[in-house]
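The residues making up each chain are set out below.
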Amino acid sequence: MRERVLHTGAGGLADYEVLEMLLFAGVPRRDTKPLAKSLINRFGGLAAVVSASPDALEQARVPAGCVRLFATLHHIAHHAVQGGGGERLALDNWESMLAYCDVHLSDCAGQMHALFLDSHNHLIADEDMTFPPDLLDSRPEIGTVKQAVARLLQRALALHATGVMTVYLARAQEPLDPAMARDTSFAKALARAGVLLGVAVHGHMVVGQGQWRSFSFDEAAR
């Protein structure tokens, strides 16, 4: 595996193989594949393992040295994605969106987040639609889809956002396709209302277990 990384880079490795190599730092004389696969199954993905709390990792029998290593990696990844110099984070393609979800939203299972953007697709605010008081009534299970859309777009206008992207973070073992189908009416309504208010609605994503699904608001708005 080390030779593969040296010759072709780590991009061709599966998540559990990357985790194997990380675990080797704390378990140098034992096969780390069983533990790596166990952790991926338990937490749902590589990013979730690395960002898990020390207590959760210790309960999963991760060696203390690896717990410290994961904490350091999570800190580095957070600042690498966030960028330096006080500049706003650009979310201008799917890769940057997925990287943002991996680093910043890995502990948000069951939540739907609205990412408010400026005209250059720089992040202005990331708000959890489930819990903040000003968005509480917008939850589809509590209010109507119309109320949810109105609350979200009102918030976009208050932040002077010119664009918005919504992301649902699937729970562990939650199928992504049913979750996407459930959100379709909300996605279509948001796309149509956004056009009327001059807020570009870039899309809706469902993310979980190292996978993702996306909904095209351009198609919905037609």
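Note that this is a predicted model, so its numbers are computed, not measured.

Draft legend 1. View of the side chain of histidine 113. Mapped onto the fold, histidine 113 is located in strand S1 (residues 112-117). Of the polar contacts made by the side chain of histidine 113, one reaches the side chain of aspartate 126; its length is 2.6 Å. If near-sequence neighbours (up to four positions away) are discounted, histidine 113 is found in contact with Leu105, Cys108, Asp126, Glu127, Asp128, Met129, Met165, Thr166, Val167 and Leu169.

Draft legend 2. Summary view of the pattern of salt bridges. One pass over the full model with this rule turns up 4 salt bridges. Between arginine 182 and aspartate 183 there is a salt bridge; the shortest N-O distance is 3.2 Å. Judged by relative accessible area, which is 45%, arginine 182 ranks as partly exposed. Residues joined by salt bridges that share partners form a network here, namely Glu174, Arg182 and Asp183.

Draft legend 3. Molecular detail of helix H10 (residues 184-197). Under the 1.5 Å per step criterion, the end-to-end length of H10 is 20 Å for 14 residues, consistent within 8% with the ideal 20 Å. Where H10 is concerned, the buried positions are Phe186, Ala187, Leu190, Ala191, Ala193 and Gly194. Looking one or two places after H10, you find glycine 198, whose phi comes out positive at around 75°.

Scoring rules and cut-offs
Residues numbered from 1 in each chain as written. Predicted model: local features only at pLDDT ≥ 70, side-chain atom pairs only at ≥ 80, totals over all residues. Heavy atoms only, no water. Helix = DSSP H or I, 4+ residues; strand = E, 2+ residues; numbered from the N terminus. Polar contact = N/O pair within 3.5 Å; in protein donor to acceptor, adjacent residues only side chain to side chain. Contact = heavy atoms within 4.5 Å. Salt bridge = Lys/Arg side-chain N within 4 Å of Asp/Glu carboxyl O. Buried < 20%, exposed > 50% of the residue type's maximum accessible area, 1.4 Å probe, protein only. Expected span 1.5 Å × (residues − 1).

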